[in-house]
Amino acid sequence: MRTPRKFPFLPVAALLAVVGLVVATLPNPWVHAGPESIIQASVGEEHDDSAENGNGRREQGDSAETFRNPSEVASSDGALNVTLTAGKQEIEIGGQSVVAMVFNDSYIPPTLRVRPGDTLNLELVNSLENSTNLHHHGSNVSPLDNGDNVFVDIMPNTRYRQRIVFPDEHPAGFLWYHPHMHGLVEAQIFGGMSGGLIVEGMLDPFPQLSGIKERIMLLKDFQNIGGEIPSDNIDSNAGTTRTVNGMVNPALKIRPGETQFWRIGNIGADIYYRLKLDDHVLYEIAADGNRHTELVPRDEILLPPASRTEVLIQGGRHGIYQLRTLAVDTGPDGDQYPEVVLATLISEGAEREPVELPTADQFPPVEDLRGHPVAQHRSFQFSEDPDTNQFYIDGKQFDPNRVDTQVKLGDVEEWTIENVTDEMHVFHIHQLDFQVTEIDGQPVPFTGRQDVVNLPVKSRVKLLIPFTNPVIVGKFVYHCHIVAHEDNGMMATVEVVP
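Residues numbered from 1 in each chain as written. Predicted model: local features only at pLDDT ≥ 70, side-chain atom pairs only at ≥ 80, totals over all residues. Heavy atoms only, no water.

Asker: Any details on the overall build of the protein? Residues and values, ideally.
Answerer: A tally of regular secondary structure across the protein gives 2 helices and 35 strands. Burial statistics for the protein: of 498 residues in total, 60% are counted as buried. Here the analysis covers contacts within the protein between residues at least 6 apart in sequence; of these, 79% occur between residues at least 24 apart. Split by element, the accessible area of the protein, about 18900 Å² in all, is 48% carbon and sulfur. (Helix = DSSP H or I, 4+ residues; strand = E, 2+ residues; numbered from the N terminus. Buried < 20%, exposed > 50% of the residue type's maximum accessible area, 1.4 Å probe, protein only. Contact = heavy atoms within 4.5 Å. Areas by Shrake-Rupley, 256 points an atom, 1.4 Å probe, with all protein chains shown as cover.)

Structure follows, in structure tokens:
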């Protein structure tokens, strides 16, 4: 449920004329409505459409792949130098022309690729009418100065140089970037200002997977109201068009038995995805940019806002399969999302011998924090007033001038997050990853760490949080990653001190 934000001290975009709502898109699986002209595709290897028939002749496949990976830029010689220009302009998404807030004139800006030890030198040009900044979600980097500092205010018509140093020991994984200007986060992410960020090396421990096809799937949704994506009065429960890399229901191809590596990220503002691929198992290698301790087979995967999954797919028998987001109900005071087809997978061509899936002994060890001394036990309460659309942590709304929690570098703390509301929330903390140990008193098996966890209605979730990395000294935030809730107060500041 969404009502207007109430932050009178912040600049607010002019109210858009509401002329209609886009209903949830349920596209024909054979139709590709995506605007390839706005996606600078980095396609990778061409898929061989031919296949041998019973007489040994080659026959051409009769289907076309319309899916494209995002464009990308990669580091070289230890550095990635890139410019992102934030601006508002008319673009085409899913066959619809809309005015949106985007980076580099594209609804899907370039995916950034770095390696542990690299430096990202990023110039952010703000051509918007409001302030902005940039957060690198999932990164274990410094929050100080011109690093991953969400307290920076980049004014309109200015340039800002950000320098992100990825430590040599930074975990490999799938991250993302987005604005974090409090009070404007929902409008800017929903408007299109988000993209992928990859720290290379996820498949390095698994030599049998070398050279397999990689798919990057960035999940966003948009509403077209009067020819614009709304930036005020955003109703996340309204009809919306779900896209994969800015495309509506693109077609992907795979051979029977072929193994592919899919990196799927929910990089939208508010809504959930509950992923299921017909008649296929999703073999999860990593969650939220954190490699598991073992391969985790899943029939479906819940992706709250900001969550990512990295999975292996092995092609099924010849046929057509749909990647769906199943229906999600976030509670009586929350939103209800219908089932929607996201993409269509076509299995055709000559069969391939399946690659051996990674075994548990191939996964590098990850420390189970349950064996570590706990320095502090803290409890936090997520609450809200549905009548005023105000959101709270421990009864307080966010104040950037207040430090809510101070922790000592080197400590491992246990945090209990209690959701006392009638809708789901999503806990996220910057600069580090945590271990979920309990949900409503039930132990959670240890398979690795994450940076986002869903908080069910009326629930208690226990986390172990390692404040042990020296690079994170400084101030950063924890909050609900349904960013409408964050904008309306559900965020707090933590300071790590030596």
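After presenting the structure, the write-up continues.
Asker: Any details on the side chain of glutamate 423? Residues and values, ideally.
Answerer: Mapped onto the elements of the fold, glutamate 423 is located in the loop between strand S28 (411–419) and strand S29 (425–429). With residues near it in sequence (within four places) discarded, glutamate 423 still touches Thr330, Gly331, Asp333, Gly334, Glu384, Phe391, Val457 and His485.

Asker: Which residues make up the nonpolar core, and what values do they have?
Answerer: Taken as a class, soluble globular proteins show a tendency for nonpolar side chains to be buried jointly. Judged by nonpolar contacts, the single largest core of 78 residues is most densely connected at Trp262, Trp415, Phe427, Ile429, Leu463, Phe467 and Tyr478. The leading source of residues in this core is strand S12 (residues 213–222), at 5 residues. Leave out the neighbours within four places in its chain, and phenylalanine 467 touches Val407, Lys408, Leu409, Gly410, Asp411, Glu413, Trp415, Ile429, Leu432, Ile472, Val494 and Val496. (Core = buried A, V, L, I, M, F, W, Y, C linked by side-chain atoms within 4.5 Å.)

Asker: Requested: an account of the pairing of strand S6 (residues 111–114), with residues and values cited.
Answerer: Along S6, one buried face is formed by Thr111 and Arg113 and the opposite face, lined by Leu112 and Val114, is buried too. Taken together, the 3 bridges between strand S3 (residues 72–74) and S6 define a ladder with parallel strand orientation. Within the sheet, the bridge partner assigned to alanine 74 lies in S6 and is arginine 113. Two strands pair when backbone bridges link them, and S6 and strand S11 (residues 195–199) are joined in this way by 3 bridges, in the parallel orientation. Bridge pairing links valine 114 to valine 199 in S11. (Pairing = 2+ DSSP bridges.)

Asker: Which residues make up the pattern of salt bridges, and what values do they have?
Answerer: Tallied over the full model, the rule gives 23 salt bridges. Ionic pairing is found between glutamate 72 and arginine 113, a salt bridge with its closest N-O pair at 3.1 Å. With glutamate 72 in strand S3 and arginine 113 in strand S6, this residue pair connects regions lying 41 residues apart in the sequence. The class for arginine 113 is buried, based on a relative accessible area of 7%. (Salt bridge = Lys/Arg side-chain N within 4 Å of Asp/Glu carboxyl O.)

Asker: Quick rundown of the environment of glycine 474? Include the residues and the values.
Answerer: Inspection of the secondary structure assignment puts glycine 474 in strand S34 (residues 474–480). Assessed through its relative accessible area of 8%, glycine 474 is described here as buried. Discounting chain neighbours no more than four positions away, the residues touching glycine 474 are Pro143, Leu144, Val494, Glu495 and Val496.

Asker: Please provide a residue-by-residue account of the sheet that holds strand S9 (residues 158–165), values included.
Answerer: A sheet is described by the order of its strands in space; here 4 strands give the open sequence S5-S4-S7-S9, paired in mixed fashion. Each having just a single partner strand, strand S5 (96–103) and S9 make up the two edges of the open sheet. Across this sheet, the average inter-strand angle for adjacent strands is 25 degrees, counted without regard to direction. In terms of strand pairing, strand S4 (residues 79–93) meets strand S7 (residues 119–126) through 8 bridges, oriented parallel. When the bridges of S7 are listed, asparagine 81 appears paired with asparagine 121. (Axes fitted to C-alpha atoms, helices over the stretch in contact; angles between N-to-C directions.)

Asker: Run through the pairing of S12, naming residues and quoting values.
Answerer: As a general feature of sheets, a regular strand has side chains that alternate between the two faces. Where burial is concerned, most of S12 is hidden: 9 out of the 10 residues are buried. Bridge count for S12 against strand S15 (residues 259–266) is 7 bridges, and the pairing is parallel. Within S15, the position partnered with leucine 219 by the bridge is asparagine 266. As judged from the 4 bridges shared by S12 and strand S13 (residues 241–244), these two strands associate in the antiparallel manner. Bridge pairing links lysine 220 to threonine 243 in S13.

Asker: Quick one: what's the story with the packing of aromatic side chains, residue by residue and with numbers?
Answerer: Tallied over the full model, the rule gives 11 aromatic pairs. Judged by centre distance (5.4 Å) and plane angle (70 degrees), the ring pair of phenylalanine 380 and tyrosine 478 falls under edge-to-face. Placement of phenylalanine 380 in strand S25 (residues 376–385) and of tyrosine 478 in strand S34 is noted, with a sequence separation of 98 residues between them. The exposure class of phenylalanine 380 is buried, given its relative accessible area of 6%. In this structure tyrosine 478 comes out as buried when scored by relative accessible area, which is 2%. Taken together, the ring pairs connect Phe380, Phe382, Trp415, Phe427, Phe434, Phe467 and Tyr478 into an aromatic cluster. A cation over a ring is seen here: lysine 220 above tyrosine 107, with NZ or CZ 4.6 Å from the ring centre. Its end group placed over the ring of tyrosine 337, arginine 242 keeps NZ or CZ at 5.6 Å from the ring centre. (Phe/Tyr/Trp six-rings, centres within 6.5 Å; stacked < 30°, edge-to-face > 60°. Lys NZ or Arg CZ within 6 Å of the ring centre and 35° of its normal.)

As far as function goes, none of this settles anything; it's purely spatial.
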